[in-house]
Amino acid sequence: MNPSTIPPHHSPPTSPRFDLDGRIALVTGAGANGGIGHALALGLARAGARVAIADIDADGLAQTARELADFGPAPFARLADIAIADEVEAVFAGIDRELGRLDILVNVPFAFPSRVRPHELAAADWDRMLAVNLTGYFLCCQAALRRMLPAGQGSIINIGSNAGESALGRGALPYGCTKAAVHQMTRELAVEYAGAGIRVNAILPAQTLTPGLRAHLETPRFRDHVLPRILAGLPQGWLLDPEDYVGPAVFLASDAARAVNGVLLPVDGGNLAMNAGGSHTWPA
Ligand SMILES: NC(=O)c1ccc[n+]([C@@H]2O[C@H](COP(=O)([O-])OP(=O)(O)OC[C@H]3O[C@@H](n4cnc5c(N)ncnc54)[C@H](O)[C@@H]3O)[C@@H](O)[C@H]2O)c1
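These notes cover the structure that comes with them.

The rules behind these values
- Residues numbered from 1 in each chain as written.
- Predicted model: local features only at pLDDT ≥ 70, side-chain atom pairs only at ≥ 80, totals over all residues.
- Heavy atoms only, no water.
- Phe/Tyr/Trp six-rings, centres within 6.5 Å; stacked < 30°, edge-to-face > 60°.
- Helix = DSSP H or I, 4+ residues; strand = E, 2+ residues; numbered from the N terminus.
- Buried < 20%, exposed > 50% of the residue type's maximum accessible area, 1.4 Å probe, protein only.
- Pairing = 2+ DSSP bridges.
- Axes fitted to C-alpha atoms, helices over the stretch in contact; angles between N-to-C directions.
- Contact = heavy atoms within 4.5 Å.

**Comments concerning the packing of aromatic side chains**
Then, in step 1: Taken as a whole and judged by the stated rule, the model has three aromatic pairs.
Then, in step 2: Pairing Phe18 with Phe251 gives two aromatic rings, centres 6.2 Å apart and planes at 40 degrees, and the pair type is tilted. Here Phe18, found in the segment before β1 (24-28), pairs with Phe251, found in helix α8 (residues 246-253); they are 233 residues apart in sequence, far enough to count as distant.
Then, in step 3: Exposure remark for Phe251: the relative accessible area of 25% places this residue in the partly exposed category.
Then, in step 4: Taking the centre distance of 5.0 Å and the plane angle of 15 degrees together, the rings of Phe112 and Tyr175 count as stacked. Taken together, the positions of Phe112 in the loop between β4 (104-107) and α4 (123-151) and Tyr175 in helix α5 (residues 173-193) put the pair 63 residues apart, joining distant regions of the chain.
Then, in step 5: For Tyr175, a relative accessible area of 12% puts it in the buried group.
Then, in step 6: A connected cluster of aromatic rings, assembled from ring pairs, spans Phe110, Phe112 and Tyr175.

**Observations concerning the sheet that holds strand β5 (residues 154-159)**
Then, in step 1: Taken together, the seven strands give an open sheet; going across it, the order is β3-β2-β1-β4-β5-β6-β7, and neighbouring strands pair in parallel fashion. In this open sheet, the two strands that pair with only one neighbour each are β3 (77-79) and β7 (264-267). Neighbouring strand axes in the sheet, compared pairwise and without regard to direction, differ in orientation by 15 degrees on average.
Then, in step 2: With five bridges joining them, β1 and strand β2 (residues 50-55) adopt parallel strand pairing. Bridged to Ala25 within β2 is Val51.
Then, in step 3: Where α8 meets the sheet, its contacts fall on β4, β5, β6 (198-205) and β7, and the angle it forms with β6 comes to roughly 170 degrees.

Structure below.
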């Protein structure tokens, strides 16, 4: 056999290793006033990782830090806007100083400052969505790669969206464009660094009961008109919960996924699998 075809660590693991014991992870957008990032930070810590966090929201960040302290030493927590290169660099420099290494990066934040028809979109809102949802993810990936390359290993997970694979309408154009770009960035980075032992994957959520969606549900217009549309597109019949992403993220971060690279993993209750004529209910 050509030696280059032999997998690393010649004998593959006899049992998949789903735990993250001893791993150092950074979750951006992990503030407790958010949804998925908060759940992922605690979920990775429950799986054994030492989790550092960053967020733009000071109160949410402090709350998540208090909750993470139940799993070990006080976590590294840094207020940062991922769209600002200096703030991203300060997060990673702090991790270098305090933790000495980075094994896992999970990128979660998003900006969606206005929901208007594309012809009415302000250039500043377009720019902000690109800056956070795409450039911010790239800056964090780049900083993580610079730490993971010398170590010869690492796992990066970007949070994408079903809205990056099919169109959501209702003013989602800039958001959808940024998510589609994150999906492609994930594949490009996966290919670029596969030979260096670094894996880059994305989780694609569907509509999730986060604080943001809970707030929308307070408005009758959303509850009566948008929610039924959402539920019709979710064959499982219910909204996702932030906890639904924890298992997939632990898997992608762990050695159990050592050959999983460049994957856009829908965690969406079957949303992207369903065709326009599809339905999870049968006519009476
Ligand atoms: N909630 C959904 O229904 C849904 C559906 C599909 C995809 N997603 C994706 O999942 C991810 C999380 O969504 P969510 O609804 O849990 O979000 P959220 O708004 O509830 O939480 C995001 C967190 O990111 C932080 N944040 C925002 N901008 C930031 C910035 N510039 N720098 C650092 N931190 C920042 C927020 O303070 C918050 O803590 C997003 O990438 C989103 O696009 C969500």
